[in-house]
Amino acid sequence: QVQLVESGGGLVQAGGSLRLSCAASGIIFNFNVMGWYRQAPGKQRELVAAMTPGGSTNYADSVKGRFTISRDNAKNTVYLQMNSLKPEDTAVYYCSARRLTTSTTDYWGQGTQVTVSS
């Protein structure tokens, strides 16, 4: 049974920081691209950041320089450090796992709410 369990969301003032964590089980972590997506009310889910097992990263333009994705392959955990948060970062953030051999997400976490107040 695959589980992606996010934690670390919450309410923060603009300019603040949060660190999201996603603990994965039931997958071969080192064979998966791990990512973070977000979905704001009335908007489509969008990619925030992704990281391959080898450490290559991809970021949405809107978060470059503010967010950092990292992963601990020994702990099967992926992180998203979010700094200089803005109200427009408010969304439900989802952890994702995608096998290296596929182009679509295989698994999703349940989501964690991030709210940035102005």
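Residues numbered from 1 in each chain as written. Predicted model: local features only at pLDDT ≥ 70, side-chain atom pairs only at ≥ 80, totals over all residues. Heavy atoms only, no water.

### Here's the deal with the overall build of the chain
A count of helical and extended segments in the chain gives zero helices and 11 strands. Along the three orthogonal principal directions, the C-alpha set of the chain runs to about 40 × 25 × 25 Å. The buried share of the chain, taken over its 118 residues, is 41%. In the chain, the share of contacts with a sequence separation of at least 24, taken over all contacts with a separation of at least 6, comes to 53%. In the structure as shown, the chain presents an accessible area of about 6100 Å², 47% of it carried by carbon and sulfur atoms. In the chain, 11 side chains carry a positive charge and 7 a negative one; their mean positions are 2 Å apart. (Helix = DSSP H or I, 4+ residues; strand = E, 2+ residues; numbered from the N terminus. Buried < 20%, exposed > 50% of the residue type's maximum accessible area, 1.4 Å probe, protein only. Contact = heavy atoms within 4.5 Å. Areas by Shrake-Rupley, 256 points an atom, 1.4 Å probe, with all protein chains shown as cover. Lys, Arg positive; Asp, Glu negative; His and termini not counted. Charge placed at Lys NZ, Arg CZ, Asp CG, Glu CD.)

### Re the state of the cysteines
The tally for this structure, following the rule as stated, stands at one disulfide. There is a disulfide in this structure between Cys22 and Cys95, and the S-S distance comes to 2.1 Å. Its torsion about the S-S bond being -80°, the disulfide of Cys22 and Cys95 is classed as left-handed. On the criterion of sequence distance, the pair formed by Cys22 in strand E3 (residues 18-25) and Cys95 in strand E9 (residues 91-99) is long-range, its members being 73 residues apart. The same class applies to Cys22 and to Cys95, which are both buried. (Disulfide = S-S within 2.5 Å.)

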